[in-house]
Amino acid sequence: MLLQEPKHMVHDNTNHIVKGNNKWQFIVRNAPGIYLPGVFKEKIMRTIFLLMAFLSNASGLTAQTKTKADSIRVKVLDSVVVNTFISSSQRTYLPDVHGTYLYAGKKTEQLNLLHTDADMANKIGRQVFAKVPGVFVYDMDGAGNQVNIAVRGLDPHRGWEFNIRKDGVITNSDMYGYPASHFNMPLESIERIELVRGTGSLQYGAQFGGMLNYISKRGDSTRPIGVESISTVGSYQLLNQYIAIGGRTGKFSYYAYINRKSRQGYRKNEHTDAGSEAVMITYEPGHNFSVRLEWARSGYLYRIPGALTDKQFSEDPTQATRARNYFNPNIHVPSVTVDWQLARQTQLKLGVSAVLGERNSVMFDKPTNVSDTINSTTLQYNPRQVDIDHFNSYTTELRMLHQYHTGKQTSILVAGVQYMNNDLHRAQMGQGSTGSDYDLTRITPGWGRDLHFRTRNIAVFAENKWQVSGKLAVTFGARVESGQTDLSGIISYYPGNKIPLNISHHFPLYAAAIVYKPSESLQFYGGWSQAYRPMIFKDLVPASLYDRVDPNIRDASGYNAEIGVRGNWRFLKWDITAFLLQDKNRFGTLAQTDNTGTLYLYRTNIGNSTNKGAEIFIQGNWLTGNRINITVFTSTSFLQARYTEAIVKSGNNNVDISGNKVESAPSLTSRNGVTMNYRKLSISVLYSYTSSTYADALNTIQPPAATGAVGLVPAYGIWDLTTGFRFSASLGLKMTISNLANLQYFTKRPMFYPGPGIWPSDGRNISTSLTIRL
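Residues numbered from 1 in each chain as written. Predicted model: local features only at pLDDT ≥ 70, side-chain atom pairs only at ≥ 80, totals over all residues. Heavy atoms only, no water.

(A) The arrangement of the overall build of the chain in detail. Assigned secondary structure in the chain consists of five helices and 41 strands. Counting across all 774 residues of the chain, residues that qualify as buried make up 53%. Summarising the internal contacts of the chain: among those between residues at least 6 apart in sequence, 66% fall at separations of at least 24. Summing over all exposed atoms, the chain offers an accessible surface of approximately 32700 Å²; the carbon and sulfur share of this is 58%. (Helix = DSSP H or I, 4+ residues; strand = E, 2+ residues; numbered from the N terminus. Buried < 20%, exposed > 50% of the residue type's maximum accessible area, 1.4 Å probe, protein only. Contact = heavy atoms within 4.5 Å. Areas by Shrake-Rupley, 256 points an atom, 1.4 Å probe, with all protein chains shown as cover.)

Next comes the structure, spelled out in C-alpha cells:
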C-alpha cells in the first residue's frame, strides 16, 4: 500500500490528512532543521491510518485493516522546480542548526547568488558582498582573478584571515604556512555564499575572520540532464564563457562545469587568461546516506603591470611600470564527503580533502623607482626572479551532530576532530631568464631559498546548545589545537642554525553564546570565542642576512565578541551588531643592536590591537501595485581599530605606536542600494563608500616620492548600475556598469606581493551577460 500526495493538491507546509477516492492519504512535512527518516514516517502513517480506520468503522479494526496498515510504505517525492518572481532581497542568516554545524547565537550571513546584481565574471567584491556590512575589498591581481576581502579591520590579502571553503571543503593553500586561498572558482558556479564571523570559529578552525563557505550549484534533480550557459563580454576585451551540465538518474546525481576567460585589463601591459573546471558526483542509495566525490581545478596567468608612485598615479593610472612580470597559480581540490543519518537524532559527516598545486611567479622584483630596462653592458634585460610554491595540504574532518532531550526541550551537541597534514615547499629567489614571456626557466641552477614547511596538527572540538526554554538557548564550546611545524632546507644567505626549526602549536580555545527569540520575527544574539593566528612562512624566514627571528616568537592569539539583534517587521528587515576583536602578540619588526654595535632587524611579537565597532544592515521592501517591487538597503560598518602597547621599527629606532590606527582598517564602510523590479525587468543602483586608511602602522601620511609604498590611502565612493531582463525562465540578459563615474582610485598600498606602491583599481567597466538554461 502506498501513501502519497495527489499531484493536483495545493498545500501548505503543515502535516495533514486528505481523503480521496475512498483512500486516506497522509502527508508528513519535516519541520525546519529536523530530519525525519523514512522508517519514522512509516510508523506515523501506520498509526494515523489505524486511527482513521477505527473512527470510520463502528465495528472496530479488522484483521484486513491491520494487514493494510503493516503494508504501508513511504514514497519520497523528488524536488520540484518552481519559477516565480523573486525579489532582490536575497540576504538572510543561517539557521541555528545547519547540517552538522551549530550557529545559534552567532553572527551569520547567507547570500543567494542566483538572483544577485553583481558582476560575476569580474568578481567585483563590493557588489558580491554589498549586503554584508564591514567587508573591506582589496583590488589586486586584476578584476575577476581573486576575491580579496576582510572584515573587522583584518588583512584582506587573498582572504587569508578566513577559513575559506567550497561545499564545506577547505581551499586555503596551507593553513599554517601560507593561508591565502589561491583557488579561484567562477562565481557563476556558486549558488550561495555563507559567511560566519569569528565567534563561530571553534567548529571549523581558529581564524579571526571566520568562515567563508561557497556552496556550488546542483544539477536539476527532476531530469537526467540540464544545461546552463552564461556568456559574458565586456570592457577591455573581456570574453568569459561558463558552461555547466547536471542532472539526476536513479541514485546518482551530478554537476560539472568548465569556465574560460580572457581579459586585457584596465592598465597597459595587463592581461589575464583563466580557466577552471569541476566535477561533482553524488551517490545516494537511501535518504539516510550519501557519498559525494568532487574534483575542482582553477588556474590563471596574470601579466602584472607593476606598482605606481603617487606622481605616476595622478598623471595616468593606466600606465605600467612592468612588462615582464607574471603570476600563475594552478590549484586542484579533490574531496570525498560522506553524510550519514545514523538515527533520527544523530548525524555524521566525514570529509577527506586536499589542496594540491603550485603558485608560480617570474618577476623583475625591484621597487617602483627601479626601471626594468635594457642593461647597457649585456644589451638585454636583467634576469628576473623565479619563485615556485608547491602546496601539498591534506585535511580529514569528522563531525557529529546529536539531538537530545532536556526536560521538554531539545538540545544539540556538535563534536568532531580535524587532522591536517601539510607540506609547503617553497623554492624562491631563482635566477630567471632575461626574456619577456612567461618563463620559469632558471639560467643559474639552484635557489636562494629552498625550504619545506611541514605541519601536523590535530584539533578536537565540541559545542553544546542547551535549549533553556522555547525562547532562550545558550551554547558553550571548546576546541583544543595541538600540532607542530618543522622548517627544513637551505637559505643561501643565512646560517641554518639561526632559524627556529620547530614551532609548536598548543591552544585550548573556548566559546560561549546566547540567543533569545521573543518571536519568530525577532531574535537577540551574542557570543564570545577565542582565536589564534599561527606563525606562517613570512613571519619566520629572514629576508636578508640583516634580519633575525626571535627564538621565542609565538603565535598571535585573541578573541571575538559580539552582541546583536536581527529580525523583520512588515516591509523591514534588519541585522545590527556591536563587536570587539582583540588581537594579541601581533607580528612585526624591531630595530636591535648586537654586542658589536651592528644594527639588525628583529622579527618578533610587537604588541596588541583592539578593533571595535558596529555593523548595520537595514532593508525595506515595498510592493507598489501588483507588478512593481522596490528594495532599498544600507549596509554600513563603523570601525575603530587601534594598536595598544605596540612598538615597531622606524629608521634605526623603535617607535611606540600605541593609539595608532591599524593599517587598511577604514573607520567607515557603507554600501547603499536601491532595486526596482517591474515584470521581467530589474534595475539596481549601488553606492559604495570607503573612508581613508593608512598603509603602515606608523600612520605615515605623506608617501615617499620614490616608491609610494606607504602613506594615506584616500577615501573613495563608487557608483554601480545593473539592469537585467528575463525573457523567460530559460533566457536572461544582464548588463552591469561598474564605477559609473569612472573614478580613479586605489584600495591599498601593499608592503609585499605584488610589490610596494599604488595598485590602481579599474575605471569604468561595462559587462553584458547572456544566460541560457535548457
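(B) Representation of the nonpolar core in the model. Of all hydrophobic cores here, the largest spans 54 residues; its most connected members are Phe129, Ile149, Ile193, Leu212 and Tyr214. With near-sequence residues (within four places) excluded, phenylalanine 129 lies in contact with Leu111, Val135, Val147, Ile149, Ile193, Leu212, Tyr214 and Arg671. Counting 15 residues, the second-largest nonpolar core is a separate cluster that includes Tyr138, Tyr302, Phe327 and Ile718. (Core = buried A, V, L, I, M, F, W, Y, C linked by side-chain atoms within 4.5 Å.)

(C) Broad picture of a nonpolar patch on the surface. Together, Ile225, Val227, Ile243, Ile245, Ile258, Phe725, Phe727, Leu731, Leu733, Leu770, Ile772 and Leu774 give the surface a local cluster of nonpolar side chains, amounting to about 930 Å² of exposed area. When residues of the nonpolar patch are traced back to their parent elements, those giving at least two are strand S16 (238-249), strand S39 (716-728), strand S40 (731-738) and strand S41 (765-773). Relative to the elements of secondary structure, isoleucine 243 occurs in strand S16. Take isoleucine 243: its relative accessible area is 38%, and that puts it in the partly exposed class. (Patch = residues over 30% accessible without salt bridge, like charges linked within 9 Å, V, L, I, M, F, W, Y side chains within 5 Å. Salt bridge = Lys/Arg side-chain N within 4 Å of Asp/Glu carboxyl O.)

(D) Representation of the sheet that holds strand S13 (residues 190-196). With mixed pairing, the six strands of this open sheet are ordered in space as S5-S8-S13-S14-S11-S12. Pairing within the sheet leaves two strands with one partner each, and these edge strands are strand S5 (91-92) and strand S12 (169-170). Bridge count between S13 and strand S14 (residues 210-216): six bridges; the pairing is antiparallel. When the sheet's bridge partners are listed, isoleucine 190 is paired in S14 with serine 216. (Pairing = 2+ DSSP bridges.)

(E) Broad picture of the pairing of strand S30 (residues 572-593). By the bridge criterion, 13 bridges tie strand S29 (residues 556-569) to S30 in an arrangement that is antiparallel. Looking across to S30, one finds that glycine 567 is bridged to tryptophan 574. Hairpin connection between S29 and S30: a loop of two residues separates the two successive antiparallel strands, and arginine 570 in this loop has a positive phi of roughly 55 degrees. Sheet analysis places S30 next to strand S31 (residues 599-624), joined by 20 bridges and oriented antiparallel. Across the sheet, the residue bridging to threonine 593 is leucine 599, located in S31. Following S30, the chain reverses through five residues before pairing antiparallel with S31; glycine 597 in that reversal takes a positive phi of roughly 90 degrees.

(F) View of empty space enclosed by the protein. Under the defined criterion, the tally for this structure stands at twelve cavities of 30 Å³ or more. Size it by volume and the largest cavity reaches roughly 450 Å³. Forming the walls of the largest cavity are 38 residues, and the residues nearest its centre are Asp139, Met140, Tyr745, Ser761 and Asp762. When residues of the lining of the largest cavity are traced back to their parent elements, those giving at least two are helix H3 (125-128), strand S36 (681-690) and S39. The dominant element in the lining of the largest cavity, judged by the number of residues it contributes, is S36, at three residues. Across the lining of the largest cavity, the residue classes tally to 16 nonpolar, 14 polar and eight charged. Reported here for the second largest cavity is a volume of approximately 330 Å³. Lining the second largest cavity we find 24 residues, and of these Thr116, Asp117, Gln127, Ala130 and Lys131 sit closest to its centre. Considered class by class, the residues forming the lining of the second largest cavity number ten nonpolar, ten polar and four charged. (1 Å grid on protein atoms, 1.4 Å probe; cavity = no way out; pocket = protein on both sides within 12 Å on 5 of 7 lines; lining within 4 Å. Points joined across faces, edges and corners; volume = space filled by probe spheres on them. Nonpolar A, V, L, I, M, F, W, Y, C, P; charged D, E, K, R; others polar.)

(G) Expanded view of the environment of arginine 671. Along the polypeptide, arginine 671 turns up in strand S35 (residues 668-678). Sequence-wise, arginine 671 and serine 635 are 36 residues apart; in three dimensions their C-alpha atoms are separated by 5.1 Å. Filtering out sequence-adjacent residues up to four positions away, arginine 671 remains in contact with Arg126, Phe129, Ala130, Val132, Val135, Val137, Phe633, Thr634, Ser635, Leu686, Tyr687 and Ser688. Within the local environment of arginine 671, its side chain forms a polar contact with the backbone oxygen of valine 135, the two atoms lying 3.0 Å apart. (Polar contact = N/O pair within 3.5 Å; in protein donor to acceptor, adjacent residues only side chain to side chain.)

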